[in-house]
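# Report on the structure
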Amino acid sequence: MIRKKLLTCCLTACLAVSMLAGCGNTGSEGTAQDGGAADAGSGEGQNQTANDAGAAESQGESGKVYFLNFKSELSSEWEETAAAFTEETGIEMKVVTAGSGTYEQTLKSELSKKEMPTLFNINGPIGYQTWKDYCMDLKGSEIYDWLVEKDMAISEGDGVYAIPYAVESYGIIYNDAIMKKYFALPDKAVEINDAKEIRNFETLKAVVEDMTAKKDVLGIEGVFGSTSFAPGEDWRWQTHLANLPIYYEYRDKGVSDLQEIDFSYNQNFKNIFDLYINNSCTEPTMVGAKNVEESMAEFAAEKVAMIQNGNWGWAMIYDLDGNKVQEENVKFLPVYTGVEGEEQQGLCTGTENYICVNSKISAADQKASLEFLLWLFGSDTGKSYCNGILGMIPPFSTFSDGERPGNPLVKEMLAYMNDGSLTSVSWNFTSFPSQEFKNQFGSYLLEYTQGNMEWDAVVEQTKESWRNEKSLISE
Amino acid sequence: MQKAFRKNFSILVLPTLAAYVIAFLIPFVLGIYLSFTKFTTVTDARWIGLKNYAMAFRDKDFLSSLFFTVKFTVVNVVTVNLAAFALANVLSQTEKGTNFFRTVIFMPNLLGGIVLGYIWQVIINGVLAFARTTLTAGAKYGFWGMVVAMNWQMIGYMMIIYIAGIQNVSEDVKEAAMIDGVSKFQMLRKIILPLIMPSITICMFMTITNSFKMFDLNLALTAGLPGKSTSMITLDIYNSFYNRMGYEGVGQAKAVVFFFILAAISVTQLMLTRKREVEN
């Protein structure tokens, strides 16, 4: 009897302990690469406190870096970079990549944990409003010294809280081989002889519509890739394309943010949007099923001649099995919408990638994080990663003109940026009120495309949505 | 042994209690507390009283998604239970191949909702392509798409519960009824149905709560498109929590309201069906 009782007690105790330990353990999941790994391994399941203490101790000595990456397409690339950093400097580094479209959620939950990210991305002024309590002042830091255009950073009062680390551009990517084929046709409807001579919406429209009429001769299914509108796949329109009318409205009013918009350039938006949906390989009623990857695949397989996307799209074109498009034929064209004087318009160039150092972590970790940034953007190895697998264009003085990624879209992008006669369109969608606004705008566009909503209603509802979402922020 | 259990009660109950407290009670209380605060991460909350609730009820998306959820639940409960019962009835009578069919019908339940959502998105878009339209062209497509997918997923599970119930009906009772000369329909209506009331209670409870709480399928299949017309209440909560700055507390308040609605409905349902249960 007694033995039985003892056994019961023991078993229960075991169960209880293993359970409690199991619960406690989840907090330290996936930490520590080299030094701490043995520690975590031995402590498994029985000695949680010792484990924690060990972690704290090593923290006190050297500091660790924990980077929360927001580009899901670059997850293994960032991990490789981190490993190289650890190897060179001996500072431990961990990278966690948020799933596509879930960065804000991940950040929100990771920052609630004890072991917070030491480095994280925010997407601009709006993101800064959410996370300002967690952003450290970087004013005196070396990395800020390196920033070429100081006003690109996000500052408030005297402090500088977020620093852009990658400049990107988007526009209309076109396949020059198909364009050349078109311009060689004897019965083409336009005078020009090269895609680069397209300098305004009028010409673009004439070329595109004529190409659609001759698509069988050109061997394409449509001029533009599918206007992707599957759930969560509409950012090329509700964010990127929407940037243009807002950019011009801000420019006219001389502001960088508005509580209410007139959407005065809505007709220009409609111009280009109609051109996309009516000259696409996918008919307007079917766009609700298409995603970005499919659209890019159509371009890569030479089923279409043009597609709106950014320099990051090269990876999607290049990686596709059975891609036909040649590297030297992948080129950029600015998004023309019929605004007066747009002959001088360049690509939409800006950044959504701001890096922040967490203000609520230990000084050692902050130091380690800053060291990582200096290594990445200052050392030869770090820079080779930027130009290599990460394919970034950091706006820092440490990079000379020769040190840039070799992909064709980046080359085009730099050519546009260096052309003094052109003005780049800045990224103003970082001031869009919220993700909710973008989603709502996207859903109006989808309904318009499917023929369930008039354009005037789209304009009215968009203005309304902007006003509502902005007022929620100020509340 | 009994005595030993009683004596060591506190130790024996500890694992379950700890699990319950950690996984349920603490998050629940914290959740209610957060619904009265303004916060970006759960660690930096600031008390603002009932303001979140006021905003939640002013939000017309919340109310329309609530209505949509109720509509979905009603349709779903009827179709799932009818189909599951019909299948259970068939598969508990015949001998040949019943195991095979039971397994096949149960299988979809093992798939996760997100995967299932994407699979059905492809299937439905494929079918709708013949009509030159897509799933997000109108709310009706999304609604029926979700009903079909949810049915496909849940019928198998409910069927198993019904089969267990039907097999539990004693042969003696059925034989006695047969000797009294009941028709097949009478057998079903007067003998089997009353005797499987416990199964019905469980199935009703599970279909109601699962339809009401359905999230993953909704997110993967339509994500609320077009507009917000196919957004279930859980998706609306999720969107208000994550897509708007400073709206986290409102999302939390909506979640608390959602909890009370769901609790009220399922408790009422349990009481109603329990009353009809009879001893076998």
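Residues numbered from 1 in each chain as written. Chains lettered and ligands numbered in written order. Predicted model: local features only at pLDDT ≥ 70, side-chain atom pairs only at ≥ 80, totals over all residues. Heavy atoms only, no water.

### Notes on the overall build of chain B
Of the regular secondary structure elements, chain B holds 13 helices and 2 strands. Taking the principal axes of its C-alpha atoms as reference, chain B extends roughly 70 × 70 × 30 Å. As presented, chain B carries roughly 14,700 Å² of accessible surface, and 70% of it is formed by carbon and sulfur atoms. The centroid of the 24 positive side-chain charges in chain B is displaced by 8 Å from the centroid of its 13 negative side-chain charges. (Helix = DSSP H or I, 4+ residues; strand = E, 2+ residues; numbered from the N terminus. Areas by Shrake-Rupley, 256 points an atom, 1.4 Å probe, with all protein chains shown as cover. Lys, Arg positive; Asp, Glu negative; His and termini not counted. Charge placed at Lys NZ, Arg CZ, Asp CG, Glu CD.)

### A word on the overall build of chain A
Regarding its fold elements, chain A presents 20 helices and 10 strands. Residues classed as buried in chain A amount to 54% of the 475 residues present. Restricting to contacts in chain A with at least 6 residues of sequence separation, those with at least 24 account for 73%. Here chain A displays about 19,900 Å² of accessible surface, and carbon together with sulfur accounts for 49% of that area. (Buried < 20%, exposed > 50% of the residue type's maximum accessible area, 1.4 Å probe, protein only. Contact = heavy atoms within 4.5 Å.)

### Brief notes about the interface of chain B and chain A
Contact residues are listed per partner, giving 45 residues for chain B and 42 residues for chain A. Taking both partners together, chain B and chain A bury about 3,500 Å²; carbon and sulfur atoms supply 62% of that area. Note that glutamate 248 of chain B is salt-bridged to lysine 108 of chain A, the shortest N-O span being 2.7 Å. Between the two partners, chain B and chain A, sit 8 residue pairs in polar contact (both at pLDDT 80 or more). Listing elements by their share of the side of chain B that touches chain A, those giving two or more residues are helix 1 (2–7), helix 2 (9–34), helix 3 (51–58), helix 6 (113–128) and helix 12 (233–242) of chain B. No other element matches helix 2 of chain B, which puts 7 residues into the side of chain B that touches chain A. (Buried area = accessible area lost by both parts, 1.4 Å probe. Salt bridge = Lys/Arg side-chain N within 4 Å of Asp/Glu carboxyl O. Polar contact = N/O pair within 3.5 Å; in protein donor to acceptor, adjacent residues only side chain to side chain.)

### What to know about the packing of helix 2 of chain B against helix 13 (residues 248–275) of chain B
Residues and elements named next belong to chain B. The contact between helix 2 and helix 13 brings their axes to 8 Å, and the two run at 120°. In terms of axis orientation, helix 2 runs oblique to helix 13. Like other packed secondary-structure pairs, helix 2 and helix 13 cross with a definite hand, here left-handed. On the side of helix 2, the interface is formed by Phe28, Gly31, Ile32 and Leu34, while helix 13 contributes Gly249, Gln252, Val256 and Phe259. Each residue belonging to the contact of helix 2 with helix 13 can be placed in one class, and the counts come to 5 nonpolar, 3 polar and no charged. (Axes fitted to C-alpha atoms, helices over the stretch in contact; angles between N-to-C directions. Parallel < 35°, antiparallel > 145°, perpendicular 65-115°, else oblique. Left-handed = near helix turned anticlockwise from the far one by under 90°. Nonpolar A, V, L, I, M, F, W, Y, C, P; charged D, E, K, R; others polar.)

### Things to note about unusual backbone geometry
Residue and element names in this part refer to chain A. Even without glycine at this site, phenylalanine 263 takes up a positive phi of about 55°. With respect to the helices, strands and loops of the structure, phenylalanine 263 is situated in the loop between helix 12 (243–253) and helix 13 (266–278). Residue class for phenylalanine 263 comes out buried when judged on its relative accessible area of 2%.

### A short note on the packing of aromatic side chains
According to the stated counting rule, one finds 53 aromatic pairs over all chains in the structure shown. Relative to phenylalanine 273 of chain A, the ring of phenylalanine 269 of chain A lies with its centre 5.7 Å away and its plane at 20°, an arrangement referred to as stacked. Residue phenylalanine 269 of chain A and its partner phenylalanine 273 of chain A are located together in helix 13, separated by 4 residues, close to a single helical turn. There is no split in this pair, since phenylalanine 269 of chain A and phenylalanine 273 of chain A are both buried. Their ring planes at 70° and their centres at 5.5 Å tell us that tryptophan 120 of chain B and tryptophan 152 of chain B sit as a pair that is edge-to-face. One end of the pair, tryptophan 120 of chain B, is in helix 6; the other, tryptophan 152 of chain B, is in helix 7 (residues 139–168), with 32 residues separating them in the sequence. Owing to a relative accessible area of 13%, tryptophan 120 of chain B belongs among the buried residues under this scheme. Of the residues examined, tryptophan 152 of chain B reaches a relative accessible area of 37% and is grouped as partly exposed. Against the face of tyrosine 144 of chain A rests lysine 150 of chain A, its NZ or CZ located 5.3 Å from the ring centre. In this structure, lysine 360 of chain A is placed above the aromatic ring of tyrosine 134 of chain A, and the distance from its NZ or CZ to the ring centre is 4.5 Å. (Phe/Tyr/Trp six-rings, centres within 6.5 Å; stacked < 30°, edge-to-face > 60°. Lys NZ or Arg CZ within 6 Å of the ring centre and 35° of its normal.)

### Things to note about helix 10 (residues 197–213) of chain B
Residue and element names in this part refer to chain B. Here helix 10 contains 17 residues, and its C-alpha end-to-end distance of 24 Å stays within 8% of the 24 Å for a straight helix at 1.5 Å per residue. Among all positions in helix 10, only Met197, Ser199, Ile200, Thr201, Cys203, Met206, Thr207, Ile208, Thr209, Ser211 and Phe212 are buried. Tucked into the core, helix 10 has its buried residues touching helix 4 (60–91), helix 7, helix 9 (184–195), helix 12 and helix 13. (Expected span 1.5 Å × (residues − 1).)

### Side note on helix 18 (residues 408–418) of chain A
Residues and elements named next belong to chain A. Along helix 18, the positions that sit buried rather than exposed are Pro408, Leu409, Val410, Glu412, Met413, Leu414 and Tyr416. At its buried positions, helix 18 is contacted by strand 5 (159–175), strand 7 (304–310), helix 15 (313–319), strand 8 (330–333) and strand 9 (345–357). Of the residues flanking the start of helix 18, the one acting as N-cap is asparagine 407, its side-chain oxygen 2.9 Å from the backbone nitrogen of leucine 409.

### Structural notes on the nonpolar core
In terms of nonpolar packing, the biggest core is built from 86 residues, with Met179, Leu204, Met211 and Met306 of chain A touching the most fellow members. Dropping the residues within four chain positions of it, methionine 211 of chain A is found in contact with Ile178, Met179, Tyr182, Leu218, Ile220, Val223 and Ala305 of chain A. Core analysis: the next-biggest nonpolar cluster, separate from the first, contains 40 residues, Ala88, Val147, Ala149 and Leu195 of chain B among them. (Core = buried A, V, L, I, M, F, W, Y, C linked by side-chain atoms within 4.5 Å.)

### Topic: the environment of leucine 25 of chain B
When you line up the elements, leucine 25 of chain B lands in helix 2. Leucine 25 of chain B sits 54 residues away from threonine 79 of chain B along the chain, and the two C-alpha atoms are 34 Å apart.

### Some details on the side chain of glutamine 345 of chain A
Residues and elements named next belong to chain A. With respect to the helices and strands, the residue glutamine 345 is situated in strand 9. Within the structure, the side chain of glutamine 345 is placed 2.6 Å from the side chain of tyrosine 248, a separation counted as a polar contact. A polar atom in the side chain of glutamine 345 sits 2.8 Å from the backbone oxygen of valine 335. The contact partners of glutamine 345, leaving out residues within four places of it in the chain, are Leu244, Tyr248, Pro334, Val335, Tyr336, Leu422, Thr423 and Val425.

### A closer look at the pairing of strand 9 of chain A
Consecutive side chains of a regular strand alternate in pointing toward one face of the sheet and then the other. All names here are of chain A. By the criterion of burial, strand 9 is predominantly enclosed, with 13 of the 13 residues buried. Pairing of strand 3 (residues 119–122) with strand 9, which is carried by 4 bridges, proceeds in the antiparallel orientation. Note that in strand 9 the partner of isoleucine 122 across the bridge is tyrosine 354. Sheet topology places strand 5 next to strand 9; 6 bridges connect them, and they run antiparallel. Within strand 9, the position partnered with glutamate 168 by the bridge is glycine 350. In this sheet, strand 10 (residues 423–425) lies alongside strand 9 in parallel orientation, the contact comprising 2 bridges. Among the inter-strand pairings, glutamine 345 is bridged to a residue of strand 10, identified as threonine 423. (Pairing = 2+ DSSP bridges.)

### Some details on a nonpolar patch on the surface
Together, Phe9, Val13, Leu17, Tyr20, Phe24, Leu25 and Val29 of chain B give the surface a local cluster of nonpolar side chains, amounting to about 650 Å² of exposed area. Looking at where valine 29 of chain B falls in the secondary structure, it is placed in helix 2. (Patch = residues over 30% accessible without salt bridge, like charges linked within 9 Å, V, L, I, M, F, W, Y side chains within 5 Å.)

### Focus: the pattern of salt bridges
Across all of its chains, the model carries 23 salt bridges over all chains by this definition. For lysine 113 of chain A, the salt bridge goes to glutamate 110 of chain A, with nearest N and O atoms at 2.9 Å. A salt bridge links aspartate 59 of chain B to lysine 254 of chain B, with the shortest nitrogen-to-oxygen separation between them at 2.9 Å. Taken together, the residues span a long stretch of sequence, with aspartate 59 of chain B in the loop between helix 3 and helix 4 and lysine 254 of chain B in helix 13 at a distance of 195 residues. Sharing partners across several salt bridges, the network here consists of Asp176, Lys180 and Lys331 of chain A.

### Here's the deal with the confidence of the model for chain A
Scored by pLDDT, chain A comes out at a mean of 83, with 87% of its residues at no less than 70. Long-range and interchain partners of residues 14–60 of chain A, a stretch whose pLDDT sits below 50, account for 38 contacts in this model, where long-range means more than four residues apart. (pLDDT = per-residue confidence, 0-100.)

### Description of the side chain of arginine 236 of chain A
Residues and elements named next belong to chain A. On the secondary structure map, arginine 236 appears in helix 11 (residues 235–241). For the buried arginine 236, no salt bridge is present, and the opposite-charge side chain at shortest range is glutamate 298, 7.2 Å distant. Here serine 228 takes part through its side chain, which lies 3.1 Å from a polar atom of the side chain of arginine 236. If near-sequence neighbours (up to four positions away) are discounted, arginine 236 is found in contact with Ser226, Ser228, Leu241, Val292, Ser295, Ile307, Gln308 and Asn309.

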